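The lines below spell out each chain.
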Amino acid sequence: MTQSLQLFTSSAISLPKHSISKPSSSSAAFRFPFSFSKSSIRASSSSDLNPLSSSSTSQVLVSENGSSSGGGVVFSSAATREFVSVASDSTSIEVDAVTEAELKENGFRSTRRTKLVCTIGPATCGFEQLEALAVGGMNVARINMCHGTRDWHRTVIERVRRLNDGKGYAVAIMMDTEGSEIHMGDLGGASSAKAEDGEIWTFSVRAFDSTLPERTINVNYEGFAEDVRVGDDLLVDGGMVRFEVIEKIGPDVKCLCTDPGLLLPRANLTFWRDGHLVRERNAMLPTISSKDWLDIDFGIAEGVDFLAISFVKSAEVIKHLKSYIAARSRGSDISIIAKIESLDSLKNLEEIILASDGAMVARGDLGAQIPLEQVPSVQQKVVQLCRQLNKPVIVASQLLESMIEYPTPTRAEVADVSEAVRQRSDALMLSGESAMGQYPDKALAVLRSVSLRIEKWWRDEKRHEPMELPEVGSSFSDSILEEICNSAAKMANNLEVDAIFVYTTSGHMASLLSRCRPDCPIFAFTSTTSVRRRLNLQWGLIPFRLSFSDDMENNLNKTFLLLKARNLIKSGDLVIAVSDMLQSIQVMNVP
Ligand SMILES: Nc1ncnc2c1ncn2[C@@H]1O[C@H](COP(=O)(O)OP(=O)(O)OP(=O)(O)O)[C@@H](O)[C@H]1O
Ligand SMILES: CC(=O)C(=O)O
Ligand SMILES: [K+]
Ligand SMILES: [Mg+2]
């Protein structure tokens, strides 16, 4: 909804955008704008400095008595009253119902900064179950195309939409591709199968018409029987179950179970020889299989917010996919998340992240391709690199694995979650815990409470590891935006402000602020619903949908009134405001 408000009465005067004013000493409701721009950095023209210049487009209100002493500006109470009556339509600002409750309960400073992604599966696909996850803080719902039918996924998407539209949530949807790595078939309909120590199982590429023979597993990769050798280790799901290849008979491979465990449908398979991952012809498999392309078409048609691409090997595949999406859906804004879960992705890490809109540390498969003890350092590296390159990063897999079966996590799992929060990754992800576990809501609650606790501890202790944030933009105007965001975040910490407000059309400026990981939350105002949903994946951002103009004065007044009407802010709160329309940083108390 667009609201055009005429705020300015005959007593209003024009001030230039780039003026510098001090706070009014006579009022609690003051603002303290200071700004810089390309023109003022270089050489300000005299008209830029003339406080009454009529060439300026920016307007501010003067105080009731007509003075603007000290250059400070006091909001006219009469005008403000008028504004209230025009703008009290609080439906013109949209914020996540859960965030709103959190803000009211705990105040700005205590809102959760780390975002939460939940994989949806049989345990959570019902409308009420999805709603329980939304209430519990799910920011993004992930559907995994390895499992379930397209109809099943469509129903889940439709339910999330209904939840958003009907109940005021802004849960984003992430579709995760299957990828064409080697995996088992679906166990002939069984939900799992137990492999015991010493048992002999047959892994076969044969197509079985009827039911699978006993202790037989179907493999999706045609070259499997040719590529494996007697003596190879066969790892299911990165080592959850382990076999040794003992005999090859045509398309059948006989394997001895050496580490017993539960086999799950479509589990990933890797084979190792002399301590190394074997990548014979399977290394040539395409990252995006023909089934993946159909799934991607489905994702585009359903308007998913994020596409997570499994087993990315190079930046080329991401670029190719981006041009495919651009050609298919003009103006589409699907974000591409590169899943870091293969040896090749580590070789081309920086290029891949640069080409993508974000990354996921997919520790499940990653731990099957590199020695487990290397996973923590890779995680830290990817999290750090993503922040430097200004891309959101998700830490995924086995965060609370034991909660698939038990209602409380292990201490080690809590420590693992804490470490991901302490590294200040953008988001944490639940997989089996929420897809097929017995305690999805409890697992989500653990992520939420651990995030809040560690974030607070981090702030209280002021343990800010200074991180070098290299310039990411390529043009001079990009550099200005970055400098504004870096400075605004620094000022926010030093002045201990309550929140940073950012008015952003594309979301880019919000992400630049998020990258700085400031102490206070970032209220990101954007006029498009899809941008708002996508901002849900980024650290510290509280996305609001609000239609705004290029008149910042107007935007701020409107925001203050709408947020105050909903008790989300109060008079006197200290706020820093930036926008991608105006090269300025404003510091002000909420009037
Ligand atoms: N749509 C679904 N239908 C049935 N089961 C599912 C579904 N999604 C997930 N699951 C179950 O939850 C488990 C964990 O989910 P997860 O998304 O981590 O899958 P995964 O098979 O480990 O693959 P990936 O490497 O892509 O994460 C799966 O192994 C599967 O048993
Ligand atoms: C999430 C995922 O794909 C993995 O951990 O392998
Ligand atoms: K997947
Ligand atoms: Mg994986």
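Residues numbered from 1 in each chain as written. Chains lettered and ligands numbered in written order. Predicted model: local features only at pLDDT ≥ 70, side-chain atom pairs only at ≥ 80, totals over all residues. Heavy atoms only, no water.

The chain carries the name Pyruvate kinase in an unreviewed UniProt entry, which gives Cucumis sativus as its organism. Recorded in UniProt for the chain, the comment headed Subunit (unreviewed entry) runs: "Oligomer of alpha and beta subunits." The UniProt entry for the chain carries the following comment under Subcellular location (unreviewed entry): "Plastid, Chloroplast". (UniProt positions renumbered as here; feature names shortened; annotations may be inferred.)

Student: What is the right way to read the UniProt feature "domain: Pyruvate kinase C-terminal" (unreviewed entry) in the chain from this model?
Tutor: Under the feature "domain: Pyruvate kinase C-terminal" (unreviewed entry), the UniProt entry names residues 482–581. Taken end to end, residues 482–581 comprises 43% helix and 22% strand; its first and last C-alpha atoms sit 14 Å apart. (Helix = DSSP H or I, 4+ residues; strand = E, 2+ residues; numbered from the N terminus.)

Student: Help me understand the site of ligand 1, please; the structure alone is not making it clear to me.
Tutor: Surveying the vicinity of ligand 1 reveals 13 residues, the closest of which are Arg142, Asn144, His147, Asp365 and Ser431. At 2.7 Å from an oxygen atom of ligand 1 is found a side-chain nitrogen or oxygen belonging to Asn144. The separation between an oxygen atom of ligand 1 and a polar side-chain atom of His147 is 2.8 Å. In isolation ligand 1 offers 590 Å² of accessible surface; the protein chains occlude 82% of this area. (Near = heavy atom within 4 Å. Polar contact = N/O pair within 3.5 Å; in protein donor to acceptor, adjacent residues only side chain to side chain. Areas by Shrake-Rupley, 256 points an atom, 1.4 Å probe, with all protein chains shown as cover.)

Student: I would appreciate a short explanation of the domain arrangement of the chain in the present structure.
Tutor: The accessible area lost on association of the parts is a frequent measure of interface size. Looking at the assigned domains, one finds that the chain contains domain 1 (109–180 + 285–460), domain 2 (187–278) and domain 3 (474–589). At the junction of the two partners, domain 1 supplies 29 residues and domain 3 supplies 24 residues. Contact between domain 1 and domain 3 buries roughly 2,400 Å² in total, counting both sides, with carbon and sulfur atoms accounting for 48%. For domain 1, the biggest contributors to the area lost against domain 3 are Arg109, Arg113 and Asn390; these three give 27% of the whole. The interface formed by domain 1 and domain 3 contains three salt bridges. (Domains from an automatic or database assignment. Contact = heavy atoms within 4.5 Å. Buried area = accessible area lost by both parts, 1.4 Å probe. Salt bridge = Lys/Arg side-chain N within 4 Å of Asp/Glu carboxyl O.)

Student: Just checking my understanding: could you explain the coordination of the potassium ion (ligand 3) for this structure?
Tutor: Tetrahedral coordination by four donors sets the ideal angle at the metal to 109.5 degrees; octahedral coordination by six donors sets it to 90 or 180 degrees. Ligation of the potassium ion (ligand 3) by protein atoms is provided by Asn144 (OD1), Asp176 (OD) and Thr177 (O), these donors lying 2.7 to 2.9 Å from the ion. Each donor residue of the potassium ion (ligand 3) lies on one chain, and together they are spaced N-x31-D-T. A separation of 5.2 Å is found between the potassium ion (ligand 3) and the magnesium ion (ligand 4). Taken together, the residues span a long stretch of sequence, with Asn144 in strand β6 (residues 140–144) and Asp176 in strand β7 (residues 172–176) at a distance of 32 residues. One exposure class covers both Asn144 and Asp176, and it is buried. (Donors = N, O, S within 2.8 Å, 3.2 Å for Na, K, Ca; no water. Buried < 20%, exposed > 50% of the residue type's maximum accessible area, 1.4 Å probe, protein only.)

Student: Just checking my understanding: could you explain the sheet that holds strand β21 (residues 427–430) for this structure?
Tutor: Paired through backbone hydrogen bonds, the strands of a sheet run either parallel or antiparallel to each other. Pairing within the closed barrel is parallel, and its eight strands lie in the order β5-β6-β7-β17-β18-β19-β20-β21. Each neighbouring strand pair of the sheet contributes to a mean axis angle of 25°, computed without reference to strand direction. Pairing between strand β18 (residues 335–340) and strand β19 (residues 358–362): four bridges, direction parallel. Looking across to β19, one finds that Lys339 is bridged to Met360. (Pairing = 2+ DSSP bridges. Axes fitted to C-alpha atoms, helices over the stretch in contact; angles between N-to-C directions.)

Student: Explain the sheet that holds strand β12 (residues 241–249) here, please?
Tutor: The strand order β10-β9-β13-β12-β11-β15-β16 describes an open sheet built from seven strands, whose pairing is mixed. Of all the strands in the sheet, just β10 (216–218) and β16 (276–277) have a single pairing partner and so form its edges. Relative to strand β13 (residues 252–259), strand β9 (residues 200–204) runs antiparallel, the two sharing five bridges. Directly across from Ile200, in β13, lies its bridge partner Leu256.

Student: I tried to follow the confidence of the model for the chain on my own but got confused; where do I start?
Tutor: Regions with low pLDDT carry predicted coordinates that are not meant to be interpreted in detail. When the pLDDT values of the chain are averaged, the result is 83; 84% of them are 70 or greater. Scored as a whole, the predicted complex attains pTM 0.83, and scored at its interfaces, ipTM 0.99. (pLDDT = per-residue confidence, 0-100.)

Student: Whenever I open this one, the coordination of the magnesium ion (ligand 4) confuses me. Can you help?
Tutor: Around the magnesium ion (ligand 4), the protein supplies Glu341 (OE) and Asp365 (OD) as donor atoms, at distances of 2.0 to 2.1 Å. Residue class for Asp365 comes out buried when judged on its relative accessible area of 17%.

Student: Help me understand the side chain of Arg273 in this model?
Tutor: As for its placement among the helices and strands, Arg273 is situated in strand β15 (residues 269–273). By relative accessible area, which is 14% here, Arg273 ends up buried. For Arg273, the side chain forms a polar contact with the side chain of Asp232, separated by 2.8 Å. Residues contacting Arg273, with those up to four places away along its chain left out, are Asp227, Val228, Arg229, Asp232, Val278 and Glu280.

Student: I tried to follow the environment of Val587 on my own but got confused; where do I start?
Tutor: Secondary-structure assignment places Val587 in strand β26 (residues 584–589). Owing to a relative accessible area of 6%, Val587 belongs among the buried residues under this scheme. Residues Val587 and Leu495 lie 92 residues apart in sequence; the distance between their C-alpha atoms is 9.6 Å.

Student: What is the right way to read the pairing of strand β20 (residues 393–396) from this model?
Tutor: Remark: a regular strand shows side chains that alternate across the two faces of the sheet. Side-chain alternation along β20 places Val393 and Val395 on one buried face and Ile394 and Ala396 on a second face that is also buried. Two elements, β20 and β21, share three bridges in a ladder whose sense is parallel. Looking at the pairing, Val395 lines up with Leu428 of β21. This β-α-β element, β20 to helix α14 (residues 411–422) to β21, shows right-handed connectivity. (Right-handed = clockwise from strand over helix to strand, strands pointing away.)

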